[in-house]
Amino acid sequence: MNNFLLYAALFLGIIHRSGAQQIPIFTQYRENAGIINPAALSSDFLTDKHNLEFGASFRKQWIDLPNAPTTQILQGSYLNNQPGGISLLTGGYLINDQTGPTGFTGAYVRLGGVISSDVERGGLSIALAGGLVQYGIKTSSLILKDPNDVLGTQDRSQVYPDASLGAFYYQQLSGALEGDYIYSGVSIPQIMALDLSFANAKGTFYTKQVRQYYGVLGWLHYVDDQNSFIESSCWFKYAPNIPMNVDFNLRYQMQGSFWIGGGVTPFTKLHAEAGFLVGKNMGFDSNFKVGYSYDYALAAYGPYVGSTHEINVSFSLPK
């Protein structure tokens, strides 16, 4: 292995050990449900029956670590919630993720259906997201151990297809828990695991993604005559040969106007979040939401990489 390969392996190894992250992660993952799982229904549909949604996210991760990940997302989704055997679920998103000299930009389309006789009370959703991704490396930004061992000063990029597959089940409860929802989902966020190389006479840069598997569980419990709710949820992330990573979260939303929440990833991080809504509390049919979250890394159980900040903005309405 030449010096460039050694440097690349060490760099990617650090990122890998810091959370097995080869694709973007989120703190407010319920606000990015359709990216984690293309079959997932948005929180606004479960809480307010809003079937059309647009959103944007910005995440700055591990701010004390040089060349730390930064992610930006634009997304939209639509669910045909008319009665019937299968209801159309569609949408799409644009994503940009940069970690040091490497990064990618992707455009995806979601397409699936919800199998249900009453889509507002519950159902099983199955969907696929597919698109094109441009992966790039800024070779001019790399600092190598041997300055004579280089790939060249020209930045490199390559376009490749990508796809994700998911299933999502949700059900509104009756009896003593009338109106509450439970939900669960499983997904493979990268079916076509990235396997790319850039080479010239001086050396080769090689990167390969490990296929990951996601699961999510949640319970949305209404209080105060259906105007406020408590949502408890967890997000499971698994990759071969790496211990399973689990995020536990709890959020309380008050009278359709604001929310607060927190969570933990054992031995890794603590997080807090807050946000506000402008919608039915002001007499509107639509919802406008802004949420912010803060992650604190637990340095006692690994290298200190600094805090993480995430902002989500969304607009939803019944259509």
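Our subject is the structure that appears above.
Residues numbered from 1 in each chain as written. Predicted model: local features only at pLDDT ≥ 70, side-chain atom pairs only at ≥ 80, totals over all residues. Heavy atoms only, no water.

Any details on empty space enclosed by the protein? Residues and values, ideally.
Considering all chains together, one arrives at eight cavities of 30 Å³ or more under this definition. One number sums up the size of the largest cavity: a volume of about 290 Å³. Mapped by element, the contributors of at least two residues to the lining of the largest cavity are α2 (33-36), α3 (43-48), β1 (52-60), β2 (70-79), β15 (287-297) and β16 (308-317). Considering every element that reaches the lining of the largest cavity, the biggest residue donor is β1, with six residues. Considering only residue class, the lining of the largest cavity consists of 13 nonpolar, 15 polar and six charged. In terms of lining residues, the second largest cavity is bounded by 18 residues, among which I23, P24, Y93, Y108 and P189 are the most central. Looking at the lining of the second largest cavity, the elements that each hand over two or more residues are α2, β3 (86-99), β4 (102-115) and β6 (156-172). (1 Å grid on protein atoms, 1.4 Å probe; cavity = no way out; pocket = protein on both sides within 12 Å on 5 of 7 lines; lining within 4 Å. Points joined across faces, edges and corners; volume = space filled by probe spheres on them. Helix = DSSP H or I, 4+ residues; strand = E, 2+ residues; numbered from the N terminus. Nonpolar A, V, L, I, M, F, W, Y, C, P; charged D, E, K, R; others polar.)

Could you give me a rundown of the pattern of salt bridges, with the residues and numbers involved?
Within this structure, the stated rule accounts for ten salt bridges. A salt bridge links R251 to E31, with the shortest nitrogen-to-oxygen separation between them at 3.0 Å. Of this pair, R251 sits in strand β12 (residues 242-254) while E31 sits in the loop between α1 (3-17) and α2, and the two are 220 residues apart along the sequence. Of the two residues, R251 and E31, neither departs from the other in class, the shared state being buried. Salt-bridge contacts for K280 lead to D48; the nearest nitrogen and oxygen are separated by 3.0 Å. (Salt bridge = Lys/Arg side-chain N within 4 Å of Asp/Glu carboxyl O. Buried < 20%, exposed > 50% of the residue type's maximum accessible area, 1.4 Å probe, protein only.)

Summarise the packing of aromatic side chains; cite the residues concerned and give the values.
One pass over the structure, following the stated rule, counts seven aromatic pairs. Members of the aromatic cluster, joined through ring pairs, are Y29, Y214 and W235. For K237, the ring lying beneath its charged end belongs to W235, and the centroid distance is 4.1 Å. In this structure, R251 is placed above the aromatic ring of W259, and the distance from its NZ or CZ to the ring centre is 5.3 Å. (Phe/Tyr/Trp six-rings, centres within 6.5 Å; stacked < 30°, edge-to-face > 60°. Lys NZ or Arg CZ within 6 Å of the ring centre and 35° of its normal.)

With reference to specific residues and values, describe unusual backbone geometry.
Positive phi values are uncommon outside glycine, yet K49 reaches one of about 60°. One can find K49 in the loop between α3 and β1.

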